[in-house]
Amino acid sequence: MYSHAPETLLAPRIMVENWMRQFQDWLCHRLETADGSGTKFSEDLWQHEGGGGGRTRVFQNGNVLEKGGVAFSAVWGEMSEAAARQLLMPDPRYFATGVSVVQHPRSPMVPISHMNVRYFEAGNGEAWFGGGLDLTPIYVDEQQARWFHQQIWEVCQRHDDSYYPFFKQWADDYFYLTHRQETRGIGGIFFDRLTVGKDGSFEELFAFVQDVGEVYGRAYGTIMRQNAALPYTEQQKQWQLVRRGRYAEFNLAIDRGTRFGLETGGRTESILMSLPPQANWHYNLTPEPGSPEAATQAWLRKGIDWLADVPVK
């Protein structure tokens, strides 16, 4: 997909930061190609008050994507003691680099998607990786949902056969709107604090994170192309706005990445890039029994075995 420069003599944080920059370039190009409109990501450079900064790239008004963002950052500084305690930081000094992605398609037949990969170093030298990806269909296509999970499973299997079941359950629990008692979508995987030395070598954990980024770009680009031309009605468009509202609720009320960014003085526009361009909230909305909307609502629960038909290798 993109070159892996021989950087074995560089410090780990420089190696990861360089890859994150390169990955942002590769993913933006891949999403632009899948959209097919000729529209390009705009770029906004910014600096962090503690040190470092980032490149926020936003895509708007394409053929498939109504709004999308691919944000890179590499920042350092010292957070407040309260924030360090809340985020379980062993030392308030930190370095953090990562790429965060959210795509909001124009059509209700193309799912919302999210992906995040990140690397942290605390001031005491402890270092870890985190990340994840998930899919939020407006209308769940069971066959496509199973295919999406199979792509993730295959990546996890290349690294550790315990990864998929553990990280899939973690995603079910994390991407969950407790106040709604429903999952955000069909899930994916989520992992945090894969600590260098404890959970694997730097090289092993870094390779896994790289593969997570690659499978997101490949799988979501495929789904964009498959679903982009499907017809939809105004009723389906209205349901999309309701589901976007649920997405916004999760990001504002629950997501730890949003909280970390705001509590460490991050750039507000970049942090809230993940919000949809439009969303609706209806009082006491209940889908009509037997409707496609009710069918999708029924899928929004934890513990679904999306790999039931995948042969064990």
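The rules behind these values
Residues numbered from 1 in each chain as written. Predicted model: local features only at pLDDT ≥ 70, side-chain atom pairs only at ≥ 80, totals over all residues. Heavy atoms only, no water. Helix = DSSP H or I, 4+ residues; strand = E, 2+ residues; numbered from the N terminus. Rg over C-alpha atoms; globule rule 2.2 N^0.38 Å. Buried < 20%, exposed > 50% of the residue type's maximum accessible area, 1.4 Å probe, protein only. Contact = heavy atoms within 4.5 Å. Lys, Arg positive; Asp, Glu negative; His and termini not counted. Charge placed at Lys NZ, Arg CZ, Asp CG, Glu CD. Phe/Tyr/Trp six-rings, centres within 6.5 Å; stacked < 30°, edge-to-face > 60°. 1 Å grid on protein atoms, 1.4 Å probe; cavity = no way out; pocket = protein on both sides within 12 Å on 5 of 7 lines; lining within 4 Å. Points joined across faces, edges and corners; volume = space filled by probe spheres on them. Nonpolar A, V, L, I, M, F, W, Y, C, P; charged D, E, K, R; others polar. Arc of directions from axis to C-beta. Polar contact = N/O pair within 3.5 Å; in protein donor to acceptor, adjacent residues only side chain to side chain. Pairing = 2+ DSSP bridges.

The helix and strand tally for the chain stands at nine helices and nine strands. Against the globule reference of 20 Å for 313 residues, the chain gives a C-alpha radius of gyration of 19 Å, in line with a compact fold. Projected onto the principal axes, the alpha-carbon positions of the chain cover approximately 55 × 45 × 40 Å. Per-residue burial over the chain gives 56% buried out of 313 residues. If you take every contact in the chain between residues at least 6 apart in sequence, the share linking residues at least 24 apart comes to 70%. Treating the 30 positive side-chain charges of the chain as one cloud and the 38 negative ones as another, the clouds have centres 3 Å apart.

Here we take up the packing of aromatic side chains. This model, assessed by the stated rule, comprises 27 aromatic pairs. With 4.8 Å between their ring centres and 45° between their planes, tyrosine 119 and phenylalanine 129 make a pair best called tilted. Note that tyrosine 119 is positioned in strand 5 (residues 112-122) and phenylalanine 129 in strand 6 (residues 127-136), a separation of 10 residues in sequence. Judged by its relative accessible area of 0%, phenylalanine 129 falls in the buried class. Seen from their ring centres, tyrosine 119 and phenylalanine 202 are 6.2 Å apart, and the 80° between their planes marks the pair as edge-to-face.

Taken as a whole, this structure holds one cavity of 30 Å³ or more when the rule is applied. Volume-wise, the largest cavity comes out at about 80 Å³. If you trace the largest cavity, you find 14 residues lining it, with Asp172, Thr183, Gly185, Ile186 and Gly187 closest to the centre. The element that contributes the greatest number of residues to the lining of the largest cavity is helix 4 (residues 163-174), accounting for three residues. By residue class, the composition of the lining of the largest cavity is six nonpolar, three polar and five charged.

Turning our attention to helix 7 (residues 256-263). Note on helix geometry: an α-helix contains 3.6 residues per turn, so any two residues three or four positions apart are oriented the same way. Listing the buried residues of helix 7 in full gives Thr258, Phe260 and Gly261. When helix 7 is viewed along its axis, its buried side chains cluster within an angular range of 165° and face the same direction. Of the surrounding elements, those touching the buried residues of helix 7 are strand 4 (93-105), strand 5, helix 6 (234-253) and helix 8 (268-271). Its side-chain oxygen 2.9 Å from the backbone nitrogen of threonine 258, aspartate 255 forms the N-cap of helix 7. Just past helix 7, the residue glycine 265 takes up positive phi, approximately 75°.

Right, let's get into the layout of surface pockets. In this model, the largest pocket occupies a volume close to 960 Å³. Taken together, 44 residues form the lining of the largest pocket, with Asn116, Arg118, Gly257, Thr258 and Phe260 sitting closest to its centre. If one sorts the elements of the lining of the largest pocket by residue count, strand 4 sits on top with seven residues. In terms of residue class, the lining of the largest pocket is made up of 20 nonpolar, 17 polar and seven charged.

Burial of strand 6 is extensive: 10 of the 10 residues sit out of reach of the surface. Burial along strand 6 is two-sided: the residues Ala127, Phe129, Gly131, Leu133 and Leu135 and Trp128, Gly130, Gly132, Asp134 and Thr136 are all buried. Looking at chain direction, strand 5 and strand 6 are connected through 10 bridges and run antiparallel. Considered in strand 6, the bridge of tyrosine 119 is made with phenylalanine 129. With antiparallel pairing between neighbouring strands as the criterion, strand 5 and strand 6 make up a hairpin whose turn holds four residues, including glycine 125 at a positive phi of roughly 95°. Both strand 6 and strand 9 (residues 187-195) contribute to a ladder of seven bridges, which runs antiparallel. Directly across from tryptophan 128, in strand 9, lies its bridge partner threonine 195.

Distances and angles like these do not, on their own, reveal function.
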